[in-house]
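Chain residues, written in single-letter form:
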Amino acid sequence: QVQLVESGGGLVQAGGSLRLSCAASGRTFSGYAMGWFRQAPGKEREFVAAISWSGSNTYYPDSVKGRFTISRDNAKNTVYLQMNSLKPEDTAVYHCAAGSVYYSAGYYLDREYDYWGQGTQVTVSS
């Protein structure tokens with residue numbers, strides 16, 4: 001089992017920045033790929049970013065590429081999501097997830113992740 005706890009969400013104006021953190025405990029954090037997903041009210045869960053277990057590979061959808069950066073510190077069992085140039089459409093609950101992902105396309109799929117945090121609310125005002 002891996003327990004995940006997100007923090008760092010909040011209210012920010014459009015154009016602003018936030019950094020989300022996800023602290024992991026339980027089984028070996030460094031062995032898992034980590035991802036961030038978000039879900040807005042009335043919408044399906046959406047992939048935001050992912051990072052391989054080593055940190056050497058990162059993945060983003062076009063909607064956040066160039067604005068968001070995922071990173072991890074395996075010594076601290078923590079993954080981060082730096083979000084810059086935020087837009088109102090980025091408003092959602094952001095969840096981190098951990099999984100054993102073995103192929104590139106899998107990083108984008110929520111079904112490939114086994115453990116999920118409760119989420120942190122991000123609200124971007126216009």
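Our subject is the structure listed above.
Let me sum up the structure you'll find in this document. (Residues numbered from 1 in each chain as written. Predicted model: local features only at pLDDT ≥ 70, side-chain atom pairs only at ≥ 80, totals over all residues. Heavy atoms only, no water.)

Once that is clear, we can look at the packing of aromatic side chains. For the coordinates displayed, the defined rule picks out eight aromatic pairs. Between Phe37 and Phe47 the ring centres are 5.6 Å apart and the planes differ by 65°, which places this aromatic pair in the edge-to-face class. Taken as a pair, Phe37 in strand β4 (residues 33–39) and Phe47 in strand β5 (residues 46–51) lie far apart in primary sequence, 10 residues in all. Given the relative accessible area of 9%, Phe47 is considered buried. The cationic tip of Arg45 hangs over the ring face of Trp116; the distance from NZ or CZ to the ring centre is 4.0 Å. It is Arg72 that lies over the ring of Phe29; its NZ or CZ is 4.5 Å from the centre. (Phe/Tyr/Trp six-rings, centres within 6.5 Å; stacked < 30°, edge-to-face > 60°. Helix = DSSP H or I, 4+ residues; strand = E, 2+ residues; numbered from the N terminus. Buried < 20%, exposed > 50% of the residue type's maximum accessible area, 1.4 Å probe, protein only. Lys NZ or Arg CZ within 6 Å of the ring centre and 35° of its normal.)

Further remarks concern the nonpolar core. Inside soluble globular proteins, nonpolar side chains tend to come together where they are buried. Core analysis: the biggest nonpolar cluster contains 30 residues, and Leu4, Met34, Trp36, Leu81, Met83 and Tyr94 have the highest contact counts within it. For this core, the secondary-structure elements that each account for two or more residues are β1 (2–7), β3 (18–26), β4, β5, β7 (68–73), β8 (78–83), β9 (92–99) and β11 (120–125). Not counting the four nearest positions on each side in its chain, Tyr94 is found in contact with Glu6, Leu20, Trp36, Phe37, Arg38, Val48, Phe68, Leu81, Met83, Gly119, Thr120 and Val122. Core analysis: the second largest hydrophobic core is formed by nine residues, Phe37, Ala97, Val101 and Tyr107 among them. (Core = buried A, V, L, I, M, F, W, Y, C linked by side-chain atoms within 4.5 Å. Contact = heavy atoms within 4.5 Å.)

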